[in-house]
Structure formats: structure tokens, C-alpha cells
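So you can see what is in the structure, the chains are spelled out below.
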Amino acid sequence: MLHIVTALPCEAKPLIKQYRLNGRQAENGFRIYENQQIRLIIAGIGKCAAAAACAYLQGAEPQGKHAWLNLGIAGHGDLNIGEAIMAHKVTDATTGKNWYPAMPFNHPCPTATLISVDQPQTDYCANTAYDMEASGFYATASRFNSGELVQVFKVISDNHANSAEQVSAQLTEQIIAARLDDIDALIQQLFKLEQQQQMSPEIKQFQQHWHFSVSQQHKLQRLLQRWLARSQTAIKADDFSNKKNSKAVLQALEKQIIALPMSFGDK
Amino acid sequence: MIQTLYIEQAIFDHPRSVAIRQRFPQASVVTCERYGEVFNPKAQNFRLQKQQPSLILAEKFNKFVLEAPFSYNIGGQRNYYFSHMLNCIYDCRYCFLQGMYRSANYVLFVNYEDFDTAIEQTIKESNQPAYFFSGYDCDSLALEPVTGFIKHTLPLFKKFDNAYIELRTKSTQIRSLLEINAMQNCIVAFSLSPDNLAAALEHKAPSLSKRLDALEKLQQTGWPIGLRFDPIIYCDDYQQIYDEFFKQVFARINLKQLHSVSLGTFRMPQGFYRNIVKLYPEEKLFAGPLAESQPMVSYESELEQQMLNFCRDKLLELIPEEKLFICHDDI
Ligand code: SF4
């Protein structure tokens, strides 16, 4: 699952439409839209709101390992309205703390330093983007998954020539909609990375048949991984149906693994 | 190749930083105070980063030269290592770096002159020949075209005949060595594995035949050669595989140029091993007959001994005993 955090409804709207996200009813505190793969939350403006939204989503599923994306608008000293950036460095203007999102994939757009401020910015340093959420988002979301799966994507809404006061909801929606191709390219990359983190599904089958203690679950997980590595074929819990308890299953599984061939391709 | 270059602010204009920036004009350049801000955070996944690592340019302030672990021994009593780089462009599944670091990004320390000073001081203080190992936290030669570190450092060793340097590598980047006269106190040590194991486990590294070609070129130009058969990996037909492999390698070796051969089976401190298994749970290497609960994870002791004895005996049919060094219990 990819969790997308936006500050404003107008930032979220193009995504809700593009990915056919359905609004969740009777949600307390935040508006959430989702489909099978994406859950989007409208956090409100500011770092605290972004951090709270991340915690809210994770709290609903504390064990979950999700990809995270903060998507919204930002100001920039040099870029034109409508250009997009991914943050390669997020700085919190108040604390001076930095985060460096690793991007082990081809970026769909240029990258930039992004400073999260408390008030809309009117002075822009060269080569730097400004927003009001990313540091709160990054500090919180990176507690829940590794940094490669926590990314920040911003579309430039204001610059030296066009101040932040001139940014309307309509403009925001337009410029984000115009970047949907880049956003989708990034989302697909995040899905790919996220898939690589998934655990072997067979463990659930075994857990349905027998009761495993926590330490036995770890052992079972490791044995299933070893089985898969050596046999290259899936294993069925049914094959152990004559085993009375979890201990017997683990012993039988270990014995079978030892008997499997151990070779590394052709000579 | 490099999409993002992180550079410590203090060395942003260092001539080596400037040269490397110019080499990767397309890379995003990101400044940081200290490289640890990028390299050390907990929330990183080595496996994911390995798909496209970035390069971090940094300055090192201390611990330039350290005492080498026990198993780094090719005949000397005083063994040291230094790491001008952390991490490696290759991706060997048995590499302990994956378990030691959270980040797969490469770190290059650009203040080579400070390494020189520390090496020189260590040599002068040593009352016995000093051996320096350069390929501990990286491959010694793989990124040489970018770093130029070996080209910079070898002249220092020319000044001392009681100091040796080992360049441990799987690389074919030997041009900077071929351009100069062979040095008898510089051992170019190739890490070699049988073809099928190299293909399965030494991802992104040159094939065995390419490594042997590079080795042969160096041998012909007079460089002392080392052979590193470490780690030996278990598979059902390991005896046949390693027997054929040793014959294949030694068909290319001129024994007069052979400095040393070292041999060790797969082993890894348990903490690193656990980290790596989390990253690569589906890896066959870790599904083998390993004693996972030992502080130093290795093959079950009887098997380990059998493997070592077998390989040792086969090697002693090919080389004199004084050239063979067995590595165990340490990395
Ligand atoms: S070549 Fe050496 S340093 Fe590089 S990945 Fe392989 S084992 Fe590790």
C-alpha cells in the first residue's frame, strides 16, 4: 500500500480522479480516499498536520510496511510555475535538521533541496524549494519504513515573479494534474520497491493449521525462506497434515530442507 | 552511473571533489555537513539502495590506519588496513559490508594526503616489515578510474622496502598499474571463485575468465600476484568444482610471480549475518548447512574442516606450503 499525504483538497483532487480513490465514510479527524493500492490523506497545512496524518494512517495498522509520498505545491527561487521536483534533501527551517531521501531509481523529474518553513515564504534562495509540510512528513513517515520508500514530490506554484498569495485552488489543481505522468512514474517505482519488502505468504497457511509461538513463528519463517531458496518451489501446509503439532511441523520441515540439493547453477 | 553526489560542505571545492563533479555532470549535487548524516541514519535499506547507489565525498579526520583482523595475514607480523572508500560497486552476496553498513552508498574520503602521513608514520614506527591491506571496506581497484587513489598512494610505498601493500580485487581496472613499473612490495591479490559460484553470488563483478586475463597481464609485467580463495562456498559437488577450479586457475599462474595464496570458508559475525538474511531471505547461500546460532556464523564445524582440508590438500599439490595461508574465525 502507498500512503500519500497532501495538505490541501486541491492538491489531492487530481490524484483522487486519476486513481479512482473512494472517500472513506465516518472517518474522524482526516479525510481519507483509497483504492486497493493507494491510501490518500488530506492532512491540512503545516508540519504538525503532516506528521499527525502519517501517525494516524500508521496507527490504524501498526505492523504495516507502506511506501509514503508527500505530494503538494512549493515555492522555488528559479523554477517556473508548474515544474516539478523531488526532494533530495529536506531541511526543517526551525530546527535545522536535515533528511536525505535516497532515490535508488531513475527520478521522473529534477531533484532539489526543500526547506520546510512555518509561514509562506517570500524570499527564495537560489536552487531551493520551500514548502510547509515535508519535514513533519519525513520525520514521521521515516519511522515506519526505510528512507527509499519515503519520498517528497512538489510542483512549483510560486517564485520570484509570482508570489504565494496569488496561488489559487484552481491553479494548484491544474499544475498538479499537468504532472500526473511524472507522479505516476514515481508511484510505479515506489510500488516496485515496496514489493521487494514483502514476506513469504506461505506462513499464513501454516498458521491456519497449527498454533506457533512467537519464537516458533520466526523459526517457521526462516525455514520457509530456506525451503524456497533451495527448492525453488512453493511448499504447501497440507503436505504436513499428519503432523500433530507445531514442533513436529518444524522438525519435519528442517529434515526435508537438509535433504534438498544444494547447488549453484551450471558449472 | 552516479545520479546523486553528496558532498561535505567543507570539501566542496577540494580539487578531487571538483574533478569528480566534472566527471558526473548529470548528477544532482547535494551538500551536507558530515557524511554520516546521509550514510548512517537507521531508516535505510541496503538492498534497495544497492540498485542505484550514490557517491558521498567526505573528509576523514582520524583512524586512517588500523590494525588488521587476525585473518588478514600473508606472512607478516605487523598487519594494518586503511579504507579510503566504504562500500563497493560489486554486489557479492557473501560480502560482510551488506551487514555492517545501513547504506549501500559509496563513501570516498578525498584527503588522501592524510592517509599517506598515517601510513608513513606507521611504517617508521614498525620494527618489522609492515603489511597494509587496502581492500577491506571496498574493492581496491574497482573504482580506481574515478578515485585515482592507488595511483596516488603507490609512490609512497616505493620509498620503503620494509613495507608491503596488498591490493585486493575482483576488478579488471589495472591500467594504472600497467602504466608504471612493477613494484615488488605491492601484491595484487585477486579474489577468485569457480565460474558457477561467481555467477550466482558475485553480482556485477567481472567473470572469472576476465579476472584471470587481468591477473595474467599483471603477472607478465612483473607484479607479484596473490590468490584469495576466500570464501570457499559449500555445494553438494564442491570437491569436483574446486578441484577443477584450482587446476583452471593454476594453468595461468607463474609460480615465480606468486606471492601468496589464502584460503577460507564462508564465515560472518552473527549480527552482520542476521542483517543480511533480513535483506536477502531468498538467497540460497544462507539456506546451506550453516551454524546460524554461533557468534561467528560458518559451516557446521565438521563440514568446515572437511572443506578446508580438501582445498588445502588440492592446493598443496600445486604450490609450496609456505605460500599458503589459511584464514578462519575472523573477518
Ligand atoms: S568485491 Fe569484495 S568488497 Fe566488493 S562486494 Fe565483493 S566481497 Fe564485497
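Source: prediction; values computed, not measured.

Cut-offs used in this document
Residues numbered from 1 in each chain as written. Chains lettered and ligands numbered in written order. Predicted model: local features only at pLDDT ≥ 70, side-chain atom pairs only at ≥ 80, totals over all residues. Heavy atoms only, no water. Near = heavy atom within 4 Å. Nonpolar A, V, L, I, M, F, W, Y, C, P; charged D, E, K, R; others polar. Pairing = 2+ DSSP bridges. Helix = DSSP H or I, 4+ residues; strand = E, 2+ residues; numbered from the N terminus. Contact = heavy atoms within 4.5 Å. Buried area = accessible area lost by both parts, 1.4 Å probe. Salt bridge = Lys/Arg side-chain N within 4 Å of Asp/Glu carboxyl O. Polar contact = N/O pair within 3.5 Å; in protein donor to acceptor, adjacent residues only side chain to side chain. Domains from an automatic or database assignment. Axes fitted to C-alpha atoms, helices over the stretch in contact; angles between N-to-C directions. Parallel < 35°, antiparallel > 145°, perpendicular 65-115°, else oblique. Left-handed = near helix turned anticlockwise from the far one by under 90°. Buried < 20%, exposed > 50% of the residue type's maximum accessible area, 1.4 Å probe, protein only.

**With respect to the site of the ligand**
Phase 1: In the vicinity of the ligand, the contacting residues are Cys88, Tyr90, Cys92, Tyr94, Cys95, Leu97, Cys138, Asp139 and Lys170 of chain B.
Phase 2: In the shell around the ligand, the residues fall into seven nonpolar, no polar and two charged.

**Points about the sheet that holds strand β15 (residues 267-269) of chain B**
Strand pairing in a sheet takes place through backbone hydrogen bonds and is either antiparallel or parallel in direction.
Residues and elements named next belong to chain B.
Phase 1: The three strands are arranged β15-β17-β16 in an open sheet whose pairing can be described as antiparallel. For this open sheet the edge positions go to β15 and β16 (290-291), each flanked by a neighbour on one side alone.
Phase 2: Sheet topology places β15 next to strand β17 (residues 296-299); three bridges connect them, and they run antiparallel. Directly across from Met268, in β17, lies its bridge partner Val297.

**Some details on the interface of chain A and chain B**
Many descriptions give the size of an interface as the accessible area lost when the pieces come together.
Phase 1: Each partner contributes to the interface: chain A provides 34 residues, whereas chain B provides 42 residues.
Phase 2: Interface area, chain A with chain B, both sides summed: about 3000 Å², of which 53% is carbon and sulfur.
Phase 3: Between chain A and chain B we count one salt bridge in total.
Phase 4: Across the pair Glu292 of chain B and Arg222 of chain A runs a salt bridge, and its minimum N-O distance is 3.5 Å.
Phase 5: Counting across the chain A and chain B interface gives 17 residue pairs in polar contact (both at pLDDT 80 or more).
Phase 6: Elements that contribute at least two residues to the side of chain A that touches chain B include exactly β6 (84-92) and α7 (214-231) of chain A.
Phase 7: Examining the composition of the side of chain A that touches chain B, we find that five residues originate from one element, α7 of chain A, more than from any other.
Phase 8: Split into classes, the residues belonging to the side of chain A that touches chain B amount to twelve nonpolar, 15 polar and seven charged.

**Describing the domain arrangement of chain A**
Phase 1: The domain architecture assigned to chain A consists of domain 1 (2-197) and domain 2 (200-259).
Phase 2: Computed from C-alpha coordinates alone, the two centres of domain 1 of chain A and domain 2 of chain A are separated by 41 Å.

**Notes on the packing of helix α11 (residues 238-250) of chain B against helix α13 (residues 301-316) of chain B**
All names here are of chain B.
Phase 1: At a minimum axis distance of 10 Å, the contact between α11 and α13 shows a crossing angle of 30°. On the basis of their axis angle, the class for α11 and α13 is roughly parallel. The chirality of how α11 crosses α13 is right-handed. Seen from α11, the contacting residues are Tyr238, Gln239, Tyr242, Asp243, Phe246 and Phe250; seen from α13, they are Gln306, Met307, Phe310, Cys311, Lys314 and Leu315.
Phase 2: For the contact of α11 with α13, the residue count by class is eight nonpolar, two polar and two charged.

**What about the sheet that holds strand β4 (residues 66-67) of chain B?**
Residues and elements named next belong to chain B.
Phase 1: The eight strands are arranged β4-β5-β9-β10-β11-β13-β14-β18 in an open sheet whose pairing can be described as mixed. The sheet is open, and its two borders are formed by β4 and β18 (324-326), each paired with just one other strand.
Phase 2: Across the sheet, α13 is in contact with β13 (225-232), β14 (258-265) and β18; its angle to β14 comes to roughly 160°.

**Some points on the pattern of salt bridges**
Phase 1: Evaluated as defined, the whole model comprises 28 salt bridges over all chains.
Phase 2: Here Lys47 of chain A and Asp118 of chain A are joined by a salt bridge, their closest N and O atoms 3.0 Å apart. Residue Lys47 of chain A is found in helix α2 (residues 47-59), and its partner Asp118 of chain A is found in the loop between β8 (111-116) and β9 (128-131); the two are separated by 71 residues along the sequence.
Phase 3: With a shortest N-O distance of 2.8 Å, Arg16 of chain B and Glu113 of chain B are connected by a salt bridge. Taken together, the residues Arg16 of chain B in helix α1 (residues 15-23) and Glu113 of chain B in helix α5 (residues 112-125) connect sequence positions 97 residues apart.
Phase 4: Residue Arg16 of chain B is classed as buried on the basis of its relative accessible area of 18%.

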